[in-house]
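# A closer look at the structure
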Amino acid sequence: MDLLKLGSEILLKQLGAQAQPQSQGAVESALGSLIGSGDTMDLGGLVEKAQQGGLGDLAASWLGDGANAQLTADQAEAMVDSGDLGNLANALGADKSSLLNSLKDVLPQLVDKGSSGGSLLDSIGGLEGAAKLAKRFL
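Attention here is on the structure that accompanies the text. Computed from a predicted structure; not experimentally measured.

This part covers the overall build of the protein chain. Per the secondary structure count, the protein chain includes nine helices and zero strands. Secondary structure elements in the protein chain, listed N-terminal to C-terminal, are α-α-α-α-α-α-α-α-α. Counting across all 138 residues of the protein chain, residues that qualify as buried make up 46%. Restricting the contact set of the protein chain to residue pairs at least 6 apart, pairs at least 24 apart contribute 69%. For the protein chain, the accessible area works out to roughly 6600 Å², and carbon and sulfur atoms hold 47% of it.

Another point: the side chain of serine 102. Structurally, the position occupied by serine 102 is in helix 7 (residues 96-115). The contacts of serine 102, once residues within four sequence positions are left out, are Leu11, Gln14 and Leu15.

Our next topic: the packing of helix 6 (residues 82-92) against helix 7. Following both chains from N to C, one finds helix 6 and helix 7 inclined at 100°, their axes separated by 10 Å at the closest point. On the basis of their axis angle, the class for helix 6 and helix 7 is roughly perpendicular. Contacts between helix 6 and helix 7 involve Leu85, Leu88, Ala89 and Leu92 from the former and Lys96, Leu99, Leu100 and Leu103 from the latter.

Helix length check: helix 1 (residues 3-15) (13 residues) gives 18 Å between terminal C-alpha atoms against 18 Å at 1.5 Å per residue, within 8%. The set of residues buried in helix 1 consists of Leu3, Leu4, Gly7, Ser8, Ile10, Leu11, Leu12 and Leu15. Looking at the packing, one finds that the buried side of helix 1 touches helix 2 (24-34), helix 3 (43-52), helix 6 and helix 7. Remark: glycine 16 follows helix 1 within two positions and exhibits a positive phi of approximately 55°.

Right, let's talk about helix 7 for a bit. One full turn of an α-helix is made of 3.6 residues, so residues set three or four places apart face in the same direction. The terminal C-alpha atoms of helix 7, which comprises 20 residues, lie 27 Å apart, in line with the 28 Å expected from a rise of 1.5 Å per residue. Where helix 7 bends most, the angle comes to about 35°, and this point is leucine 103. For helix 7, the capping residue at the N-terminal end is aspartate 95, with a side-chain oxygen 3.1 Å from the backbone nitrogen of serine 97.

Once that is clear, we can look at the pattern of salt bridges. Per the stated rule, a full pass over the model turns up two salt bridges. As a salt-bridge pair, glutamate 77 and lysine 96 come within 2.7 Å of each other at their nearest N and O atoms. With glutamate 77 in helix 5 (residues 73-78) and lysine 96 in helix 7, this pair connects stretches of sequence that are 19 residues apart. Classification of glutamate 77 as partly exposed rests on a relative accessible area of 29%.

The nonpolar side chains of a soluble globular protein tend to be buried, and buried together. Ile35, Leu88, Leu92 and Leu103 are the most contacted members of the largest nonpolar core, which totals 41 residues. At the level of secondary structure, the elements contributing two or more residues to this core comprise helix 1, helix 2, helix 3, helix 4 (56-62), helix 5, helix 6 and helix 7. If one sorts the elements of this core by residue count, helix 7 sits on top with seven residues.

Cut-offs and rules
Along each chain, residue indices are assigned from 1 in the same order as the chain's sequence is written. Since the coordinates come from a predicted model, pLDDT governs what is reported: local features require at least 70, and pairs of side-chain atoms require 80 or more to be given and counted, while whole-chain, interface and lining totals use all residues. Note that the side-chain values use all heavy atoms of the structure and ignore hydrogens as well as water. Every helix listed is a DSSP run of H or I at least four residues long, and every strand listed is a run of E at least two residues long, numbered separately from the N terminus. Throughout, exposure labels follow a simple rule: accessible area from a 1.4 Å probe, protein chains only, divided by the maximum for the residue type, with under 20% read as buried, over 50% as exposed, and the rest as partly exposed. Residues count as neighbours in contact if any of their non-hydrogen atoms are within 4.5 Å of one another. Accessible areas in this description were obtained via Shrake-Rupley with a 1.4 Å probe; residue shielding takes into account the shown protein chains only. Here the axes come from fitting lines to C-alpha atoms, over the contacting stretch only for helices, and the angles between their N-to-C directions go from 0 to 180 degrees. Angles below 35 degrees are treated as roughly parallel, those above 145 as roughly antiparallel, those between 65 and 115 as roughly perpendicular, and all remaining angles as oblique. In this scheme, a helix's expected span is set at 1.5 Å multiplied by one less than its residue total. Bend is computed residue by residue as the angle between axes fitted to the seven residues ending at the residue and the seven residues starting at it. Whenever a nitrogen or oxygen atom comes within 3.5 Å of another N or O atom, the pair is scored as a polar contact, on the condition that within protein one atom can donate a hydrogen and the other can accept it, and that pairs from neighbouring residues in sequence are kept only if both atoms are in side chains. By convention in these notes, a salt bridge is any Lys or Arg side-chain nitrogen within 4 Å of a carboxyl oxygen on Asp or Glu. Joining through side-chain atoms within 4.5 Å is the link that ties buried Ala, Val, Leu, Ile, Met, Phe, Trp, Tyr and Cys residues into a set, and such a set is a nonpolar core.

The following block contains the structure:
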């Protein structure tokens, strides 16, 4: 599953007419920088950053196939680098506020999709590992 492509498609759909992207590739690259390192998404790092920011319960709900807890735009902003956020907004041709309102929905979906069937969940030690990681930060 290409999470960068999926994420950029979800963002473009969420933003609708507000987005005037430079290109699909530019959006994917900017999203990759926001949540990873260019062409590789680091969803485990995103989950860990959420947990470090006191959002452990939210992040834990995104792992696996259960229901995802809601994220606010402010919480989404706290999980990402502001410079990379600006780059993504530019790539999408969207303002920061609109982008954050979309990211609050997209980030949980990406972690959920990335952990579907356990791949991301396995990388942090399954549900027990997620619980232990969450306890360290709560």
